[in-house]
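Each chain, written out:
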Amino acid sequence: MSKTNRRLAIKTITLGAGALGLSSFSSLQAETKPTALNVKRLNNNIKHSACRWCYQNIPLDDFAKNAAEIGLSGIDLLRPEEWDTVEKYGLKCSMATDSFADIQNGFNEIKNHKHLQASYKTLIEKVGKRGIKNVIVFSGNRRGMDDETGFKNCVIGLRPLLEFAEEHNVNLVMELLNSKVNHPDYMCDHTEWGVELAKRTEMPNFKLLYDIYHMQIMEGDVIATIKKHHKYINHYHTGGVPGRNEINDSQELFYPAIVKAIIETGFDGYLAQEFVPTYDDKLAALKEGIKICDV
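No experiment lies behind these values; they were computed from the predicted model shown.

K.L.:
Can you help me understand the packing of helix α4 (residues 113-130) against helix α5 (residues 147-167) in this one?
P.N.:
Packed helix pairs are characterised by how far apart their axes lie and by the angle those axes make with each other. It is the contact of α4 with α5, at a shortest axis distance of 10 Å, that shows an interaxial angle of 25 degrees. One way to sum up the angle between α4 and α5 is to call them roughly parallel. Here α4 and α5 pass one another in a crossing that is right-handed. Within the contact between the two elements, α4 uses H113, L116, Q117, Y120, K121, I124 and E125 and α5 uses N153, I156, G157, P160, L161, F164 and A165.

Rendered as structure tokens:
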């Protein structure tokens, strides 16, 4: 090869490598830059949702519109007066609640039963007419109560409601919350506790909301627990540990593997993002969370 041809060959190789490097860098930028997601681009192996309270600074109408564009199927923890707003964008209320629902004062105390039963019956009738499937309930705080008393009282309070809810094709879903960081003294703070209560109710429409953030704090072993007890779980919440913020690599949980394990159980319910966004662009944080969980 002549010197001239050799110089041309080297120049061509150098330019090609430079172009390849530039192309790779551009692709990396494209991958890391937040992009709008829509339902057509999602795998949809799981139904995506998000908890309304994490985005309170965004008007519900705007939030619902953006949620639908991202590809969400539902929004969690909505009260009856909010259902119309989300439904006009093709979204469902994936977990219903109302102002009377109280984490600290729940079904483990007999004195709460009359009020809770009357209030929940009204809500159950409303969700039944709308075709909403899930209503959230809480155990309440211990206040020195032993487990056995808590189980018995919860069954007494919940059983009549579960029978009423069954007539309306509605599930009552008790959330598993941590009592170590966020909800001191909460009784239903371990998966095994919730599963035992589910067994004692003897009703198929009593289910658990497995909050991955909360249960990582209390007991860890998330994937194994999900595989063992999935038949009692019909709803999931996310959140980064520690801090309850974004579920990216700034925290200790690897959500793609967790969601894959959930899907492998045959789960057909909702996975709701329940982290508190730290990004200035809250919707960019939500898009990122959806993308991480869309396995």
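K.L.:
Would you mind showing me how to read the pattern of salt bridges here?
P.N.:
Where charged atoms of side chains with opposite charge meet at close range, the side chains can pair. Considering all chains together, one arrives at 14 salt bridges under this definition. Taking the shortest distance from any N to any O, the salt bridge between R159 and E163 comes out at 3.3 Å. Linking R159 with E163, this pair stays in helix α5, spanning four residues, or about one helical turn. Residue class for R159 comes out partly exposed when judged on its relative accessible area of 27%. E163 sits in the partly exposed class, given a relative accessible area of 39%. One salt bridge in this structure joins E202 and R159, with 3.8 Å as the shortest N-O distance. With a gap of 43 residues between them, E202 in the loop between α6 (191-201) and β6 (206-211) and R159 in helix α5 connect regions that are remote in the sequence. A network of salt bridges, in which partner residues are shared, links R79, E81 and E82.

K.L.:
Would you explain α5 in this entry?
P.N.:
Each turn of an α-helix holds 3.6 residues, which means side chains three or four residues apart point in the same direction. Taking 1.5 Å per residue, 21 residues should reach 30 Å; α5 reaches 30 Å between its end C-alpha atoms and fits that length. At L158, α5 shows its largest bend, some 35 degrees, and a proline, P160, comes one to four positions later. Restricting attention to buried positions, one finds in α5 the residues G150, F151, N153, C154, V155, G157, L158, L161, L162, F164 and A165. Taken together, the buried residues of α5 touch α4, β4 (134-137), β5 (171-175), α6 and β6.

K.L.:
Help me out: how do you make sense of helix α9 (residues 255-264) in this one?
P.N.:
Inspection of α9 places Y255, I258, V259, A261 and I262 among the buried residues, and these make up the whole buried set. One side of α9 carries all its buried residues, which in axial view fall inside an arc of 155 degrees. Looking at the buried residues of α9, the elements they touch are α7 (212-218), α8 (222-229), β7 (233-237), β8 (270-273) and α10 (282-293).

K.L.:
Help me out: how do you make sense of the pairing of β5 in this one?
P.N.:
The side chains of a regular strand alternate, first on one face of the sheet and then on the other. Summarising burial for β5: five of the five residues are buried, a large majority. Residue alternation in β5 divides its side chains into two sets, N171, V173 and E175 and L172 and M174, and both sets are buried. Viewed along the sheet, the connection from β4 through α5 into β5 turns out right-handed.

K.L.:
Help me understand the nonpolar core in this model?
P.N.:
The nonpolar side chains of a soluble globular protein tend to be buried, and buried together. If you look at the biggest cluster of nonpolar residues, it comprises 88 residues, and the most contacted ones within it are Y120, L158, M174 and I212. Here the element with the most residues in this core is α5; it accounts for eight residues. Discounting residues that sit within four places of it in the chain, Y120 has contacts with F100, A101, F107, V135, I136, V137 and L161.

K.L.:
Would you mind showing me how to read unusual backbone geometry here?
P.N.:
Excluding glycine, residues mostly have negative phi values, and the peptide bonds linking residues are mostly trans. A cis amide bond links V241 to the next residue, P242, at an omega of -5 degrees. Tracing the backbone through its elements, the reader meets P242 in the loop between β7 and α9. In this structure, N169 takes a positive phi of about 60 degrees despite not being glycine. Along the chain, N169 turns up in the loop between α5 and β5. Even without being glycine, D221 reaches a positive phi, approximately 55 degrees.

K.L.:
It is not clear to me how the packing of aromatic side chains should be interpreted in this structure. Could you clarify?
P.N.:
Aromatic rings in a pair are described by how distant their centres are and how their planes are angled relative to each other. Following the criterion strictly, the structure yields six aromatic pairs and no others. Residues F107 and Y120 carry aromatic rings whose centres are separated by 5.7 Å and whose planes lie at 35 degrees to one another, so their mutual orientation is tilted. Of this pair, F107 sits in the loop between β3 (92-96) and α4 while Y120 sits in helix α4, and the two are 13 residues apart along the sequence. The buried category is assigned to F107, whose relative accessible area is 0%. Between Y236 and F267, the ring centres sit 4.9 Å apart and the planes meet at 80 degrees, which makes this aromatic pair edge-to-face. Linking Y236 in strand β7 with F267 in the loop between α9 and β8, this pair joins segments that are 31 residues apart in sequence. Residue Y236 shares its accessibility class with F267, and that shared class is buried. A network of ring pairs unites the aromatic residues F100, F107 and Y120 as a single cluster. When the ring centre of Y270 is taken as origin, the NZ or CZ atom of K47, which lies over that ring, is 4.6 Å away. It is K121 that lies over the ring of F164; its NZ or CZ is 5.5 Å from the centre.

Reading the values: rules and limits
Residues numbered from 1 in each chain as written. Predicted model: local features only at pLDDT ≥ 70, side-chain atom pairs only at ≥ 80, totals over all residues. Heavy atoms only, no water. Axes fitted to C-alpha atoms, helices over the stretch in contact; angles between N-to-C directions. Helix = DSSP H or I, 4+ residues; strand = E, 2+ residues; numbered from the N terminus. Parallel < 35°, antiparallel > 145°, perpendicular 65-115°, else oblique. Left-handed = near helix turned anticlockwise from the far one by under 90°. Contact = heavy atoms within 4.5 Å. Salt bridge = Lys/Arg side-chain N within 4 Å of Asp/Glu carboxyl O. Buried < 20%, exposed > 50% of the residue type's maximum accessible area, 1.4 Å probe, protein only. Expected span 1.5 Å × (residues − 1). Bend = angle between axes of the 7 residues up to and from the residue. Arc of directions from axis to C-beta. Right-handed = clockwise from strand over helix to strand, strands pointing away. Core = buried A, V, L, I, M, F, W, Y, C linked by side-chain atoms within 4.5 Å. Phe/Tyr/Trp six-rings, centres within 6.5 Å; stacked < 30°, edge-to-face > 60°. Lys NZ or Arg CZ within 6 Å of the ring centre and 35° of its normal.

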